[in-house]
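Per-entry structural report
Listed here are the chains, written in short residue letters.
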Amino acid sequence: MERMVWMTPEQAAPLARCAAVFEPGDPARTGRIAFWDPAGDAPPEAPGGEPGEAELVVRDGEDVALRTLPVLRLPLAHALPALALARRAAGGTAPAAATPTPTPTPTPTAATACGRIPPPRSGAGRSPSHCT
């Protein structure tokens, strides 16, 4: 099990100015966030970070190009302080909670009560005593 490494806002601030990309892992819980400097310089160090390189598609004038750039990889839990700080700095806010739309409950029929067919969209149901 990986040990949690805490990052202060002062440590997160330099990473919050970097670009970030998610690198999936196998199994999925091992995915990491790779921070990189769009100018091509090495990203700043951070607690729990692993320096390395990654092939990234970046802007190249009016086009895009595949480049090998220095990155700092962090597990998602360790990267969250920098990602949250970057969102706040960009003026982002948390998304509004979605209000669930209630769905009508259909009237059960004898067959649905027995688990044989899906319930009807409308109409009166029968008593479950009709199950045979």
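Above: the structure in question.
Rules used in this analysis
- Residues numbered from 1 in each chain as written.
- Predicted model: local features only at pLDDT ≥ 70, side-chain atom pairs only at ≥ 80, totals over all residues.
- Heavy atoms only, no water.
- Helix = DSSP H or I, 4+ residues; strand = E, 2+ residues; numbered from the N terminus.
- Buried < 20%, exposed > 50% of the residue type's maximum accessible area, 1.4 Å probe, protein only.
- Contact = heavy atoms within 4.5 Å.
- Pairing = 2+ DSSP bridges.
- Core = buried A, V, L, I, M, F, W, Y, C linked by side-chain atoms within 4.5 Å.
- Axes fitted to C-alpha atoms, helices over the stretch in contact; angles between N-to-C directions.
- Parallel < 35°, antiparallel > 145°, perpendicular 65-115°, else oblique.
- Left-handed = near helix turned anticlockwise from the far one by under 90°.
- Nonpolar A, V, L, I, M, F, W, Y, C, P; charged D, E, K, R; others polar.
- Expected span 1.5 Å × (residues − 1).
- Bend = angle between axes of the 7 residues up to and from the residue.
- Arc of directions from axis to C-beta.

**Here we look at the environment of L72**
Its location among the elements puts L72 in strand β4 (residues 63-75). By relative accessible area, L72 is classed as buried at 4%. Separated by 24 residues in the primary sequence, L72 and G48 place their C-alpha atoms 9.6 Å from one another. In contact with L72, other than residues within four places in its own chain, are L15, I33, A34, F35, P43, P44, E45, A46, G49, E50 and P51.

**Thoughts on the pairing of strand β3 (residues 50-60)**
If a strand is regular, its side chains alternate between the two faces of the sheet. Bridge analysis of β3 against β4 gives eleven bridges, and the strand direction is antiparallel. Looking across to β4, one finds that L56 is bridged to R67. Here β3 folds back onto β4 in antiparallel fashion, the turn holding two residues, of which G61 has a positive phi close to 70°.

**Here's the deal with the nonpolar core**
Among the nonpolar cores identified, the biggest contains eleven residues, and these are M7, A12, L15, C18, I33, F35, A46, L72, L74, A79 and A82. Secondary structure elements with two or more residues in this core: α1 (9-16), β2 (32-36), β4 and α2 (76-89). Look past the residues within four positions of L74 in its chain and what remains in contact with it is M7, L15, R32, I33, F35, A46, P47, G48, G49 and A79. Among the nonpolar cores identified, the runner-up in size contains eight residues, and A34, L56, V58 and L69 belong to it.

**A closer look at the packing of α1 against α2**
Across the interface, α1 lies against α2 with an axial gap of 8 Å and an inter-helix angle of 65°. Relative to α2, the element α1 is oriented roughly perpendicular. Considering the relative orientation of α1 and α2, their crossing is right-handed. Touching P9, A12, A13, L15 and A16 of α1 are P81, A82, L85 and A86, all from α2. Here the residues of the contact of α1 with α2 are counted per class, giving nine nonpolar, no polar and no charged.

**Some details on α2**
Compared with an ideal rise of 1.5 Å per residue, which puts 14 residues at 20 Å, α2 spans 19 Å between its outermost C-alpha atoms and is within 8% of the ideal. At A82, α2 shows its strongest bend, of approximately 25°. Within α2 the residues assigned to the buried category are H78, A79 and A82. Lining the buried residues of α2 we find α1, β2 and β4. A positive phi of about 85° marks G91, the residue just after α2.

**A look at the environment of P81**
Residue position: P81 is located in helix α2. Judged by its relative accessible area of 29%, P81 is partly exposed. In this structure the C-alpha to C-alpha distance between P81 and L15, which are 66 residues apart in sequence, comes to 9.4 Å. Once residues within four sequence positions are removed from consideration, P81 is found in contact with M7 and A12.

**Here's the deal with α1**
Listed as buried for α1 are A12, L15 and A16. Seen along its axis, α1 keeps its buried residues to an arc of 100°; they face one direction. In the core, the buried residues of α1 are packed alongside β2, β4 and α2.

Distances and angles like these do not, on their own, reveal function.
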